[in-house]
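A look at the structure
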Amino acid sequence: MASTVSPDTDTNPAAGHVVDERVTKKVALAALVGTALEWYDFFLFTTAAALVFNAQFFVSQDPFVAAMGSFATLAVGFVARPVGGFIFGALGDKVGRKKILMVTIVGIGIVTGLIGLLPNYMSIGIAAPILLVALRIVQGLAVGGEWSGAVIIAVENAPVEKRARYAALPQIGSPIGTILSSGGFFGMLFLVGQTNFDSWGWRIPFVAAIPLLAISLWIRSRLSESPEFEALMESGETEHAPIRGVLKNSWRQILVGMCSALLGIGGFYLITSFVVFYGTKVLKMPSELLLLGTLLAAALEIGALVWAGRLGEKFGASKVILWGGVASALIAVPVFLAIDSRVPVLVVLAMMIGVAVLSIPYAVSGTALTALFATKVRYTGVAITSNTAGVISGFVPLIATALVAANSSFWPGAIILLVISALTALSGLFLPKLSIAEKGMKH
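Residues numbered from 1 in each chain as written. Predicted model: local features only at pLDDT ≥ 70, side-chain atom pairs only at ≥ 80, totals over all residues. Heavy atoms only, no water.

- Within an unreviewed UniProt entry, the label attached to the chain reads MHS family MFS transporter, and the organism entered is Paenarthrobacter ureafaciens.
- The UniProt entry for the chain carries this comment under Subcellular location (unreviewed entry): "Cell membrane". (UniProt positions renumbered as here; feature names shortened; annotations may be inferred.)

Written as structure tokens, this is what we have:
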């Protein structure tokens, strides 16, 4: 029979388990390292989509047409993510979190390395964008099971009252991945110059994913399986049809959870990937400036994530999501006005502030999503929810680019950020009623 839970029910199968925080910290660190590689690989693609893929794989006399093709490939990866979420989420609820996390990280790392070796359009013609799209789909499938598993294993190994703190640690993988990917591009630009970077230098950060994968695999191999999942295995209570159970009984949780995750994913790609394109192609600013803004924004984001994670521990994830969404809505127009000014200091500050504010709800999204689903269907539920939000987010740069092409104004970006922020803020009002009640947990 499909599993379902009441929001009033304590369903922790390992409620009597004594948590050793030394193990909790090791698991959280291993989850962080894995998500850092995941986001490094994914952000490489998003930055390259804005800087070089339009010239390397989507050749057109019209820069907006080339950019649309590039961002469409970016979006294809997000479309593949829910499929990966269904596949790896269900497997994670059947065979365990750790085993699936080993598979997904290998898929992400190998595909990224192959993208760095892929011949361009000038070498093999139409086969180049076709192969790029195929690799992007495989990468999207693997990412579909990665983040959800990492945050779940961190949460399920943590004390209930400190879950918001430890759930924020895998989120730090996002800015670390941004720093590594943007830093890799920025460093290559500095070392080889724009011409060589456009020709071959952009490939080096992609190929570098292979040694990074080896390090991540070694660290992740030391992960401890979730005590909650082990308790389910021992009692023989694992769910045989987690996808059916989640879709039938938890559709409200999926909808609200999607909105809560939307700002942290879609808003981030708007302030980074789209702004890099808008700044370089429309405002004619140097790409080095936009990459510097992305780097500094990611560095500031680390502090914002740690701070917001502590806020979630103290006040509850739903309140942080609500007020983080409100704050992001308030800064949407000022941020894009500053970017449109073309003043370097204002542009960089706008990127930093925009990313820091939208990271407030992102810090606690892992806590919020895991609290929406019972342990036996949690991997499936979180994977479907977060990756469906990712599908919408993947089209954000594409939509913004299309609207900008129509009127050459910053307003589409500002309005999209405002709408996304409002949806995330509204989700904070509904999260407590839909979440599972658990002693010591603040929603």
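1. Structural notes on the nonpolar core
- Among the nonpolar cores identified, the biggest contains 118 residues, and Phe-53, Phe-274 and Phe-336 are the most heavily contacted of them.
- When sequence neighbours within four positions are dropped, the list of residues in contact with Phe-336 reads Leu-270, Ile-271, Phe-274, Val-275, Phe-410, Gly-413, Ala-414 and Leu-417. (Core = buried A, V, L, I, M, F, W, Y, C linked by side-chain atoms within 4.5 Å. Buried < 20%, exposed > 50% of the residue type's maximum accessible area, 1.4 Å probe, protein only. Contact = heavy atoms within 4.5 Å.)

2. Details of helix α11 (residues 227-235)
- Among the residues making up α11, those that are buried are Pro-227, Glu-228, Phe-229, Ala-231 and Leu-232.
- A positive backbone phi angle near 70 degrees is found at Gly-236, which sits one or two residues after α11. (Helix = DSSP H or I, 4+ residues; strand = E, 2+ residues; numbered from the N terminus.)

3. Points about the pattern of salt bridges
- Taken as a whole and assessed by the stated rule, the structure comprises six salt bridges.
- Between Arg-378 and Glu-156 there is a salt bridge, with its nearest N and O atoms 2.8 Å apart. One end of the pair, Arg-378, is in helix α17 (residues 378-394); the other, Glu-156, is in helix α6 (residues 127-156), and 222 residues separate them in sequence.
- Arg-378 is the salt-bridge partner of Glu-228, the closest N and O atoms lying 3.2 Å from each other. Placement of the pair is Glu-228 in helix α11 and Arg-378 in helix α17, with a sequence separation of 150 residues.
- The exposure class assigned to Glu-228 is buried, which follows from its relative accessible area of 2%.
- Look at Arg-378 and you get buried, because its relative accessible area is 3%.
- The network of salt bridges with common partners includes Asp-93, Arg-97, Glu-156, Arg-163, Glu-228 and Arg-378. (Salt bridge = Lys/Arg side-chain N within 4 Å of Asp/Glu carboxyl O.)

4. Brief notes about the packing of aromatic side chains
- Enumeration according to the criterion identifies five aromatic pairs in this entry.
- Here Phe-185 and Phe-197 contribute two aromatic rings whose centre-to-centre distance is 5.6 Å and whose plane-to-plane angle is 85 degrees, an arrangement assigned as edge-to-face. Of the two residues, Phe-185 and Phe-197, neither departs from the other in class, the shared state being buried.
- Relative to Tyr-269, the ring of Phe-268 has its centre 6.1 Å away and its plane inclined at 80 degrees; by these criteria the two rings are edge-to-face. Here the two residues Phe-268 and Tyr-269 agree in accessibility, since each one is buried.
- Here a set of aromatic residues connected by ring pairs shows up, and it is made of Phe-185, Phe-197, Trp-202 and Phe-206. (Phe/Tyr/Trp six-rings, centres within 6.5 Å; stacked < 30°, edge-to-face > 60°.)

5. So, the packing of helix α4 (residues 97-116) against α6
- The N-to-C vectors of α4 and α6 enclose an angle of 145 degrees; their axes lie 8 Å apart at closest approach. Judged by the sense of rotation from one axis to the other, the crossing of α4 with α6 is left-handed.
- Looking at the contact of α4 with α6 residue by residue, the class counts come to 14 nonpolar, six polar and four charged. (Axes fitted to C-alpha atoms, helices over the stretch in contact; angles between N-to-C directions. Left-handed = near helix turned anticlockwise from the far one by under 90°. Nonpolar A, V, L, I, M, F, W, Y, C, P; charged D, E, K, R; others polar.)

6. Comments concerning the side chain of Ser-174
- Inspection of the secondary structure assignment puts Ser-174 in helix α8 (residues 173-201).
- Other than its neighbours up to four places away in sequence, Ser-174 contacts Trp-39, Phe-43, Glu-301 and Tyr-362.

7. A closer look at the environment of Pro-344
- For Pro-344, the position within the fold is in helix α16 (residues 344-370).
- Overall, Pro-344 belongs to the partly exposed group, its relative accessible area being 44%.

8. Some details on unusual backbone geometry
- Even without being glycine, Lys-284 reaches a positive phi, approximately 60 degrees.
- Looking at where Lys-284 falls in the secondary structure, it is placed in the loop between α13 (251-282) and α14 (287-315).

9. Some remarks on a nonpolar patch on the surface
- On the surface, a nonpolar cluster with roughly 670 Å² of combined accessible area is contributed by Trp-411, Ile-415, Val-419, Leu-423, Leu-426, Leu-429 and Phe-430.
- Relative to the helices and strands, Val-419 is located in helix α19 (residues 411-434). (Patch = residues over 30% accessible without salt bridge, like charges linked within 9 Å, V, L, I, M, F, W, Y side chains within 5 Å. Areas by Shrake-Rupley, 256 points an atom, 1.4 Å probe, with all protein chains shown as cover.)

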